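Close look at the chain arrangement
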Amino acid sequence: MPKGIPNKRYTAEFKRHVIETMQKEGMSYSETARQFEVNDHHRVQDWERIYLTYGAEGFQIERRGRGSKGRPPKLGGTG
């Protein structure tokens, strides 16, 4: 992606529409990405995985950032 262009954010409604259209029309990930002007067909593939796993409600979940796999959070104490 060229410098200076911010990452594009897509609404949950848009993602649902893209995936349902792709499934109904029998389109490939690349065809779908081109038609809906999505930067990368892997993004469409990820959306389909979320849709099939969690349903349309899965698009409402915030997934940015790295998940915590470290220590559990500290409990309140007087150290």
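In what follows, the accompanying structure is described.

Each value, and the rule that gives it
Residues numbered from 1 in each chain as written. Predicted model: local features only at pLDDT ≥ 70, side-chain atom pairs only at ≥ 80, totals over all residues. Heavy atoms only, no water. Phe/Tyr/Trp six-rings, centres within 6.5 Å; stacked < 30°, edge-to-face > 60°. Helix = DSSP H or I, 4+ residues; strand = E, 2+ residues; numbered from the N terminus. Buried < 20%, exposed > 50% of the residue type's maximum accessible area, 1.4 Å probe, protein only. Expected span 1.5 Å × (residues − 1). Contact = heavy atoms within 4.5 Å.

1. A closer look at the packing of aromatic side chains
Using the criterion set out here, one finds five aromatic pairs in the structure. Measuring from ring centre to ring centre gives 5.3 Å for tyrosine 10 and phenylalanine 14, while their planes differ by 15 degrees; the resulting arrangement is stacked. A centroid spacing of 6.0 Å and a plane angle of 85 degrees characterise the contact between phenylalanine 14 and phenylalanine 36, whose relative ring orientation is edge-to-face. Residue phenylalanine 14 is found in helix H1 (residues 12-25), and its partner phenylalanine 36 is found in the loop between helix H2 (29-35) and helix H3 (41-54); the two are separated by 22 residues along the sequence. Take phenylalanine 36: its relative accessible area is 14%, and that puts it in the buried class.

2. Here we look at H3
Taking 1.5 Å per residue as the helical rise, H3 with its 14 residues ought to reach 20 Å, and the 20 Å between its terminal C-alpha atoms agrees with that figure. Tucked into the core, H3 has its buried residues touching H1 and H2. Two residues or fewer past H3, glycine 55 is found with a positive phi of approximately 80 degrees.

3. A word on H1
The end-to-end C-alpha distance of H1, which contains 14 residues, comes to 20 Å, matching closely the 20 Å that a straight helix rising 1.5 Å per residue would cover. Buried residues of H1: Ala12, Lys15, Val18, Ile19, Thr21 and Met22, and no others. At its buried positions, H1 is contacted by H2 and H3. Following H1 by one or two positions, glycine 26 adopts a phi angle in the positive range, close to 70 degrees.

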